[in-house]
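Descriptive analysis of the structure
The residues making up each chain are set out below.
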Amino acid sequence: LLGTQVCELPSMVAYSLFKRLTGCEAGEEEGAAVPRDTFIKFWTGRGLVTAPPPKRAFDSLRPDGQDYLTFADFWPMMECVLRYHPGLEFLAETQEFQRKYAETVIHRIFYSLNKCGSGRLTFREFRSGELMDALYALDRENDINKILKFFSYEHFYVIYCKFWELDQDHDFQLDKTDLAHYSNCALSYVIVDRIFEEAPRKFKAGTPPGKMCYEDFVWFILSEEDKTTDTALTYWFRCVDLDGDGVIRPREMLYFYEEQLRRLEGWNQEPVQFEDLLCQLHDMLSPAKEGAFTLRDLKRTKPQSGLFFSSLFSLHKFVGFENRDPFAQRAEAAEFTGLSDWDKFAKIEYFRLASEDDQQDTAGGAMDTDEQI
């Protein structure tokens, strides 16, 4: 009550602060109490008496001696989410899935808020995002899957299963060949090469050369399936900007589109010549300087700018756009009103994965019946 009503903290942050000030572990809270002097020293020492709720939450998670949050600083809060949120009770006996769910949530937080990818989340980044709304939603909503920002279990399940499908040897690392199979080989080889050259972002420290770990896959899949976010646009811009001068020019676009054009022909699709594509993109995005696309140009023209990158290296998305049906588009817009591109993708993929699981269960039940007969 002190943490949520008096301090105006989301309950999961309040729980983690309680653990911090008492020193007890999850499950040991019963009978524990925060000494009055300890709380006053912490609260007043950080100037939180008149601070707004985002600042109180940030400082409740922030360790002494640093002015930012790291991945590890969110772990106590996630332990509380896993232990106390009713929507995650079914994970109580699966420690591995608990850990991966928590990791995924934290990766999504940093992907959305820490756009520079430094791994150090400042208060300015913390307060500017939608994290506080999501944390308060945990207090109001028992269905974790209705909290689409960061905490949805269904979203985690889609990301985890996508990674697992590609990780053939299940060493929890992907190589170029693994990633090239993403979404039925939707990506061109040249863009996969750029990702493994670490053009969009440096891979996690300690990852073996030529390998992508789960954290880097989370950044990849969020960027690929929702190119309307600033983080995604920056991710792909760095891939296509071959000389790193902050401008994408036609010669760089052609480098990627040549493979896309060959693949279109292999699909028996009517090829869109590069000159025609360049004119379409120029008319759509209206860059400040003709023949020179900057990141500012792309951010200014969201959501249309996502097509800029899909047309260069994401075959299925480009073909889908070229063959779009206006009636189907309107129906889809009505069905997914208010959802982001990522939310739509995750919803469709979760339904597919759940259907496959149901079919496997049905087939397994039929086999058991046959054996009994």
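See the structure above.
This text gives an overview of the structure that appears in the document. Every value quoted in this text rests on a predicted model; they were computed, and no experiment measured them.

Let us look at the pattern of salt bridges. Counting across every chain of the model gives 26 salt bridges. Linking Asp 59 and Arg 62 is a salt bridge whose minimum nitrogen-to-oxygen distance equals 2.9 Å. Exposure remark for Asp 59: the relative accessible area of 1% places this residue in the buried category. As a salt-bridge pair, Arg 194 and Glu 197 come within 3.1 Å of each other at their nearest N and O atoms. Take Arg 194: its relative accessible area is 13%, and that puts it in the buried class. What you see here is one network of salt bridges that share partners, running through Lys 162, Glu 165, Glu 349, Arg 352 and Glu 356.

Right, let's talk about the layout of surface pockets for a bit. Taken as a whole, the largest pocket spans an internal volume of roughly 1,300 Å³. Lining the largest pocket are 33 residues, and of these Glu 225, Lys 317, Glu 332, Asp 341 and Lys 344 lie nearest its centre. Only helix H9 (153-166), helix H11 (182-185), helix H13 (214-225), helix H18 (305-313), helix H19 (315-322), helix H20 (326-335) and helix H21 (341-372) provide two or more residues apiece to the lining of the largest pocket. Per-element tally for the lining of the largest pocket: the top contributor is H21, with 5 residues.

This next bit is on unusual backbone geometry. Cis peptide bonds are those with omega within 30 degrees of zero, and the linkage from Lys 302 to Pro 303 qualifies with 0°. If you trace the backbone, Pro 303 turns up in the loop between helix H17 (295-300) and H18. At Phe 150, a position not held by glycine, the phi torsion is positive, near 75°. When you line up the elements, Phe 150 lands in the loop between helix H8 (131-140) and H9. Of note, the phi angle at Glu 198 is positive, near 65°, even though the residue is not glycine. The topology assignment puts Glu 198 in the loop between helix H12 (189-196) and H13.

In total, this model carries 39 aromatic pairs according to the counting rule given. With a centroid separation of 5.8 Å and an interplanar angle of 90°, the aromatic rings of Tyr 101 and Phe 156 are classed as edge-to-face. Of this pair, Tyr 101 sits in helix H6 (residues 95-113) while Phe 156 sits in helix H9, and the two are 55 residues apart along the sequence. Its relative accessible area of 1% is what places Phe 156 among the buried residues. Look at Phe 150 and Phe 151: their rings are 6.5 Å apart centre to centre, the planes differ by 85°, and that puts the pair in the edge-to-face class. In this arrangement the basic side chain of Lys 162 is found over the ring face of Tyr 182, its NZ or CZ atom lying 5.6 Å from the centre. Sitting over the face of the ring of Trp 219, Arg 201 holds its NZ or CZ atom 4.0 Å from the ring centroid.

Reading the values: rules and limits
Note on numbering: residues in each chain are counted from 1, in written sequence order. With pLDDT at 70 or above as the cut-off, local features in this predicted model cover only qualifying residues; side-chain atom pairs require 80 or more to be listed or tallied, and sums for whole chains, interfaces and linings still use all residues. Values shown for side chains rest on all heavy atoms present in the structure; no hydrogens or waters enter the calculation. Each salt bridge in this description consists of a side-chain nitrogen of Lys or Arg and a carboxyl oxygen of Asp or Glu lying within 4 Å of one another. Any residue under 20% of the maximum accessible area for its type is buried, any over 50% is exposed, and the rest in between are partly exposed; the area is computed with a 1.4 Å probe on protein chains only. Of the two site types, the cavity is a set of points on a 1 Å grid over the protein atoms alone where a 1.4 Å probe fits but cannot get out, and the pocket is an open set with protein on both sides within 12 Å along at least five of seven lines, each lined by residues with an atom within 4 Å of a point. Grid points are joined across faces, edges and corners, and a volume is the space filled by probe spheres set on the points. The secondary structure listing takes helices from DSSP runs of H or I that are at least 4 residues long and strands from runs of E that are at least 2 residues long, numbered from the N terminus. Stacked, edge-to-face and tilted labels apply to pairs of Phe, Tyr and Trp rings (six-membered ring for Trp) whose centres lie within 6.5 Å, assigned for plane angles under 30 degrees, over 60, and everything in between, in that order. Throughout this description, the term charge over a ring refers to an Arg CZ or Lys NZ atom that lies within 6 Å of the ring centre and within 35 degrees of the ring normal.

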